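# Commentary on secondary and tertiary structure
These are the residues of each chain, in order.
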Amino acid sequence: MRKYKNLLLAVLFSIFLGACSPSIEDPLEWEIEDFTFTNQNNKEFGLADLEGKVWLADFVFTNCTTVCLPMMSNMTSLQEQLKEQGLDVQIVSFSVDPLFDKPEVLKSYAENYGADLSTWNMLTGYTPQEIDDFAMDNFHTLARKPENDDQVIHGTYFYLVNQEGVIMKSYEGLNPPVEEILADAEILLTED
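Residues numbered from 1 in each chain as written. Predicted model: local features only at pLDDT ≥ 70, side-chain atom pairs only at ≥ 80, totals over all residues. Heavy atoms only, no water.

## Considerations on the nonpolar core
Formed by 54 residues in total, the largest nonpolar core has its most connected members in Phe35, Trp55, Leu56, Phe94 and Phe139. The contact partners of Phe35, leaving out residues within four places of it in the chain, are Phe45, Gly46, Leu47, Leu50, Trp55, Phe94, Leu123 and Phe134. (Core = buried A, V, L, I, M, F, W, Y, C linked by side-chain atoms within 4.5 Å. Buried < 20%, exposed > 50% of the residue type's maximum accessible area, 1.4 Å probe, protein only. Contact = heavy atoms within 4.5 Å.)

Quick look at the structure:
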């Protein structure tokens with residue numbers, strides 16, 4: 001009987017500890033469909049390369065004259081802070097202007113911001129319609145280039161994605177809540 005009491009206590013204690021462990025508040029839980037695109041090194045890169053990794057995603061383009069400048073600056077700063085905190089988080093930026101943003105253009109653009117491209121992939125290699133569909137279907141955001149315009153209408157959010165390729169949270173990329181992002185990334189990295 002004593003053996004069963006101890007076992008019951010152990011089970012209850014583990015349930016209690018599990019209930020007390022931090023978790024992402026109000027998770028989105030949007031699954032990302034499989035993809036394989038081309039990165040800044042002109043290599044195939046896709047969801048399979050991110051399996052088992054926590055990552056941040058956003059949508060930008062190199063000819064942007066408005067929101068992408070602060071977004072890139074903010075993501076670069078966030079990358080540095082993640083590194084300082086010892087948080088192994090990958091970054092993936094999807095170009096919303098793939099016809100212009102060839103791999104070498106994306107590489108130069110990222111390097112101008114001081115991005116560490118060992119953990120940051122800038123993606124292209126699809127049509128404008130494909131990225132618009134991909135952004136809407138997976139991230140619930142626009143990535144649409146109007147006719148006769150060199151600017152693309154797109155979302156300004158940063159998306160935190162878990163190890164299974166599920167979007168857990170989104171954050172405003174123009175004024176990101178850095179401490180919240182760091183805390184949420186740490187929660188995902190410590191989950192089994």
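What follows picks up the thread again.
## Describing the UniProt feature "binding site: Cu cation" (unreviewed entry) in the protein
Residues annotated by UniProt as "binding site: Cu cation" (unreviewed entry) correspond here to Cys64, Cys68 and His154. A compact arrangement is adopted by the annotated residues: their sequence extent is 91 residues, whereas the largest C-alpha distance between any two is 10.5 Å. Beyond its immediate stretch of four places on either side in the chain, Cys64 contacts Leu69 and Gln151. Within the secondary structure, His154 sits in strand β8 (residues 153-154). The residues contacting His154, other than those within four sequence positions of it, are Phe59, Val60, Phe61, Val67, Cys68, Met71, Val96, Leu142 and Ala143. For His154, the side chain forms a polar contact with the main-chain oxygen of Phe59, separated by 3.0 Å. (UniProt positions renumbered as here; feature names shortened; annotations may be inferred. Helix = DSSP H or I, 4+ residues; strand = E, 2+ residues; numbered from the N terminus. Polar contact = N/O pair within 3.5 Å; in protein donor to acceptor, adjacent residues only side chain to side chain.)

## Quick word on the pairing of strand β9 (residues 157-161)
Among the five residues that make up β9, four are buried, leaving the element largely enclosed by the rest of the structure. Looking at chain direction, strand β4 (residues 54-60) and β9 are connected through three bridges and run antiparallel. Each bridged residue has a counterpart across the sheet, and for Ala57 the counterpart in β9 is Tyr159. Pairing of β9 with strand β10 (residues 166-172) involves five bridges; the strand directions are antiparallel. Bridging from a neighbouring strand, Val161 pairs with Ile167 of β10. Taking the residues between adjacent antiparallel strands as the criterion, β9 and β10 are bridged by four residues, where Gly165 takes a positive phi near 80 degrees. (Pairing = 2+ DSSP bridges.)

## Digging into the sheet that holds strand β1 (residues 30-31)
Read across the open sheet, the six strands follow the order β1-β10-β9-β4-β5-β6; overall the sheet is mixed. This sheet does not close on itself; its edge strands, each paired only once, are β1 and β6 (120-123). Contacts from helix α5 (residues 178-190) reach β4, β5 (89-95), β9 and β10 within the one sheet, and its direction differs from that of β10 by about 170 degrees. (Axes fitted to C-alpha atoms, helices over the stretch in contact; angles between N-to-C directions.)

## A look at the packing of aromatic side chains
Scanning all chains against the criterion turns up 16 aromatic pairs. Between the aromatic rings of Phe37 and Phe134, the centroid separation amounts to 5.4 Å while the plane-to-plane angle is 85 degrees, which identifies the pairing as edge-to-face. Of the two residues, Phe37 sits in strand β2 (residues 36-38) while Phe134 sits in helix α4 (residues 128-139), which places them 97 residues apart along the sequence. Each member of the aromatic cluster is reached from another via a ring pair, and the members are Phe35, Phe37, Trp55, Phe59, Phe94, Tyr126, Phe134, Phe139, Tyr157 and Tyr159. (Phe/Tyr/Trp six-rings, centres within 6.5 Å; stacked < 30°, edge-to-face > 60°.)

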